[in-house]
Amino acid sequence: MELIIQRDPEAAALLLARIVANEMRTNPRTVLGLATGNTMEAVYRHLVHMHQTSKLSFAKVRTFNLDEYVGLAPDDKNSYRHFMNERLFHQVNIKLENTHLPDGCAADLEAECRDYEKRIEKAGGIDLQLLGIGKSGHIGFNEPLSALRSRTRVKALAPATIKQNAPLFGAEHRVPRRALTMGVGTILEARRCLLLATGEAKAEIIARAVEGPITSMVTASALQLHPRATVIVDEAAATKLKEREYYRWIFANEPEWEEYR
Ligand code: F6R
């Protein structure tokens, strides 16, 4: 795992967007794994800007989102499909048929989950998976106790997640109780994972995920098993990391990061 500390949320999001853009320029048929949430908004803003100003093309890109709420239709303003259409898909030259989210309104949710896995496989797997982290330690909606080898399935949201996402719904009781989510095992199969976390509220859970034991209680800690996982944080989210000076040294000195410094 690599950990990169940037001075503020904007710089952290820009760094992530630049890594994604470089991958897309090297491989125009990149398969992106996408996340939603507040943290990702800035990343999509940067990608849209790069599309508008430096011809970053999404023409051949295919995308698979991590998750969707059960029971929310694509045109519901709180659905993740709506989030992605608004923040990214409708603003770039991606073909909508190349964008995938699990269908939270499918009649047979289990069949939908199995089919989602098949669609990812048929696309050749995910090249670059973007991830946020919830206060419960989740990646996707893999809440505490999610098996580290889990696949796409229906998952009940943890109380911390319902609380975290309540502002968007206006009240806790309006937040759907269940979601379809890629499993931890599905996520770990991506060829590269990039997790972005910003703000003081994420400092403690980031320290547990990065420097704590690998545990299904904090599913983001499973990224420690991944051969190519990069965690990007801002200063505020880095405050509880014990080895932050070491991480800073690596980013400042390792040739791999030269173009991003
Ligand atoms: C959303 C997702 C979640 C979020 C996480 C952080 O698709 O997969 O894991 O990334 O809950 O959300 P924010 O960025 O809103 O704090």
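In this report, we go over the structure that sits alongside the text. (Residues numbered from 1 in each chain as written. Predicted model: local features only at pLDDT ≥ 70, side-chain atom pairs only at ≥ 80, totals over all residues. Heavy atoms only, no water.)

So, about the packing of helix H2 (residues 38-54) against helix H3 (residues 80-87). As a packed pair, H2 and H3 sit with axes 10 Å apart at the nearest point and diverge in direction by 35 degrees. The segment H2 lies against H3, with Glu41, Tyr44 and Val48 engaging Phe83, Met84 and Arg87. Residues of the contact of H2 with H3, tallied by class, amount to four nonpolar, no polar and two charged. (Axes fitted to C-alpha atoms, helices over the stretch in contact; angles between N-to-C directions. Helix = DSSP H or I, 4+ residues; strand = E, 2+ residues; numbered from the N terminus. Contact = heavy atoms within 4.5 Å. Nonpolar A, V, L, I, M, F, W, Y, C, P; charged D, E, K, R; others polar.)

Sheet architecture is open: seven strands sit in the order E1-E10-E9-E6-E2-E3-E5, paired in parallel fashion. Looking along the sheet, the strands with just one partner apiece sit at the ends: strand E1 (2-6) and strand E5 (99-100). Where strand E2 (residues 31-34) meets strand E3 (residues 62-65), four bridges bridge the pair, whose relative direction is parallel. Within E3, the position partnered with Val31 by the bridge is Arg62. (Pairing = 2+ DSSP bridges.)

A few words on the packing of helix H1 (residues 9-26) against H2. At a closest axis distance of 8 Å, the pairing of H1 and H2 adopts a crossing angle of 50 degrees. Regarding the angle of H1 to H2, the classification is oblique. When you trace H1 past H2, the crossing you get is right-handed. For the pair H1 and H2, contact is made by Glu10, Ala13, Leu14, Leu16, Ala17, Arg18, Val20, Ala21 and Arg25 and by Met40, Ala42, Val43, Arg45, His46, Leu47, Met50 and Ser54, respectively. (Parallel < 35°, antiparallel > 145°, perpendicular 65-115°, else oblique. Left-handed = near helix turned anticlockwise from the far one by under 90°.)

Around the ligand, the structure places 15 residues, and the nearest of them are Thr36, Thr39, Asp67, His138 and Lys202. Take Asn38: an N or O atom from its main chain is 2.9 Å from an oxygen atom of the ligand. The fraction of the free accessible surface of the ligand (410 Å²) that becomes covered by protein chains is 95%. When atom positions are compared with the pocket grids, the ligand is found to occupy the largest pocket. Looking at side-chain class alone, the shell around the ligand contains four nonpolar, nine polar and two charged residues. (Near = heavy atom within 4 Å. Polar contact = N/O pair within 3.5 Å; in protein donor to acceptor, adjacent residues only side chain to side chain. Areas by Shrake-Rupley, 256 points an atom, 1.4 Å probe, with all protein chains shown as cover. 1 Å grid on protein atoms, 1.4 Å probe; cavity = no way out; pocket = protein on both sides within 12 Å on 5 of 7 lines; lining within 4 Å. Sits in = over half its atoms within 2 Å of the grid points.)

Attention shifts here to unusual backbone geometry. In this model, Lys55 sits at a positive phi of 55 degrees, which is unusual for a non-glycine residue. By the secondary structure assignment, Lys55 is in the loop between H2 and E3. On the basis of relative accessible area, Lys55 is assigned to the exposed category, the value being 76%. (Buried < 20%, exposed > 50% of the residue type's maximum accessible area, 1.4 Å probe, protein only.)

Per the counting criterion, the structure on display carries nine aromatic pairs. Where Tyr80 meets Phe141, the ring centres are 6.0 Å apart and the plane angle is 15 degrees; that geometry is what we call stacked. Of this pair, Tyr80 sits in helix H3 while Phe141 sits in the loop between strand E6 (128-131) and strand E7 (153-156); the two residues are 61 residues apart in sequence, bridging distant segments of the chain. Here Tyr80 falls in the buried class, since its relative accessible area comes to 9%. Each residue in the set Tyr69, Tyr80, Phe141 and Phe169 is aromatic and connected to the rest through ring pairs, giving one cluster. Here the guanidinium or amino end of Arg87 rests over the ring plane of Phe83, the centre of that ring lying 4.4 Å away. (Phe/Tyr/Trp six-rings, centres within 6.5 Å; stacked < 30°, edge-to-face > 60°. Lys NZ or Arg CZ within 6 Å of the ring centre and 35° of its normal.)

Here we come to the environment of Asn22. Its place among the elements puts Asn22 in helix H1. The exposure class of Asn22 is partly exposed, given its relative accessible area of 26%. Here the alpha-carbon distance between Asn22 and Leu56, two residues 34 residues apart in the chain, equals 9.3 Å. Discounting chain neighbours no more than four positions away, the residues touching Asn22 are Glu259 and Tyr260. Among the polar contacts made by the side chain of Asn22, one reaches the side chain of Glu259 at a distance of 3.2 Å.

By themselves, these are just geometric observations and shouldn't be taken as functional.
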